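Residues per chain, in single letters:
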Amino acid sequence: MRDQLKRLEELQRYDAQIQELTNAHKAIPAKLEASQSDFSRVETLLESERTQLAESQRYYSEQKNQLQSDESTATGAKHKLSLAKNSKEYVAAQREMEATRESVQTREQEIAKLIEAVQAKEKLLAERAAELDVLRKSIDKDAEVARKKMAEIDGKIAAIKVDRDKVAAGIRPDVLKRYGAIRMRRGLAVTTVRNGTCQGCNMNVPPQLFNVLQRGTSIETCPYCHRIVYWENLMKDDPAAEKPPA
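Regarding the overall build of the protein
Logical step 1: The helix and strand inventory of the protein stands at 4 helices and 4 strands.
Logical step 2: What you see in the protein, going N to C, is helices and strands ordered as α-α-α-β-β-α-β-β.
Logical step 3: Counting only C-alpha atoms and orienting by the principal axes, one finds that the protein spans roughly 140 × 35 × 30 Å.
Logical step 4: Burial analysis of the protein (246 residues in total) assigns 29% to the buried set.
Logical step 5: Sequence-distant contacts, at least 24 apart, represent 69% of the contacts inside the protein between residues at least 6 apart.
Logical step 6: Accessible surface for the protein amounts to roughly 16100 Å². Of this, 52% is attributable to carbon and sulfur atoms.
Logical step 7: With 42 positive and 38 negative side-chain charges, the protein shows a separation of 6 Å between the mean positions of the two kinds.

Okay, here's the thing in structure tokens:
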């Protein structure tokens with residue numbers, strides 16, 4: 001039975017390695033997904049700013065067209081002023097010309113501010129687009145590294161499973177089935193009993209069970225955590241060095 005217990009311990013070590021590698025494998029796509037999510041969020045913000053820029057450019061175009069209309073009106077008012085036949089017509093034409101001139105000046109100031117704002121926005125978006133491109137390349141590079149890492153982990157898992165299956169083949173089917181069921185529930189399926197205490201749940205096993213474990217003639221489970229347990233000294237290379245009490 002000592003041989004069966006040693007194989008179970010070895011099997012558990014292999015299963016722990018496989019679980020650790022499997023967890024590492026699962027963590028890689030999760031990390032990439034987080035990076036991609038960050039990239040998508042930045043890309044969405046950049047697209048929103050581009051929409052705002054397009055709106056500012058549209059407004060600039062409208063103001064520029066309106067300026068041309070104001071200038072045309074100012075030219076017409078100036079022409080009316082030159083054609084005025086009396087003081088009334090002259091005063092009216094002069095007022096119209098002053099009003100259109102003021103409108104032109106206000107419009108020109110507005111357009112100047114728009115040009116400055118649009119140019120600043122265009123520069124900022126160009127910088128952010130460049131940064132986004134660098135981020136995209138970095139994510140693509142990380143994805144390639146991740147694919148290689150995942151393939152490497154898959155290879156390690158496959159190699160460990162080969163060794164695991166060899167060990168499992170030497171374990172009695174009923175014991176192997178019990179081990180698998182416990183591992184599904186508890187994770188750790190096999191543990192030692194040290195000084196009468198189960199190392200899986202830190203509970204003292206009944207004295208009668210402890211005596212049975214010291215003989216090492218059967219596969220036993222802890223009555224509290226239901227893990228497979230064995231006396232720790234049973235696995236020593238020379239079990240006779242510390243014989244169990246008669």
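Focus: helix 3 (residues 173-186)
Logical step 1: Between the first and last C-alpha of helix 3 there are 20 Å, a value that for 14 residues agrees with the 20 Å anticipated at 1.5 Å per step.
Logical step 2: Among all positions in helix 3, only Val-175, Tyr-179 and Ile-182 are buried. The buried residues of helix 3 occupy an angular sector of 70° when the element is viewed end-on, so they sit on one face. Helix 3 presents Pro-173, Lys-177, Met-184 and Arg-185 as exposed residues on the side facing more than 90 degrees away from its buried surface.
Logical step 3: Buried-residue contacts for helix 3 involve helix 1 (2-82), helix 2 (87-169), strand 1 (190-194), strand 3 (220-221) and strand 4 (228-231).
Logical step 4: At the exit of helix 3 stands Gly-187, carrying a positive phi of roughly 85°.

What counts and how
Residues numbered from 1 in each chain as written. Predicted model: local features only at pLDDT ≥ 70, side-chain atom pairs only at ≥ 80, totals over all residues. Heavy atoms only, no water. Helix = DSSP H or I, 4+ residues; strand = E, 2+ residues; numbered from the N terminus. Buried < 20%, exposed > 50% of the residue type's maximum accessible area, 1.4 Å probe, protein only. Contact = heavy atoms within 4.5 Å. Areas by Shrake-Rupley, 256 points an atom, 1.4 Å probe, with all protein chains shown as cover. Lys, Arg positive; Asp, Glu negative; His and termini not counted. Charge placed at Lys NZ, Arg CZ, Asp CG, Glu CD. Expected span 1.5 Å × (residues − 1). Arc of directions from axis to C-beta.

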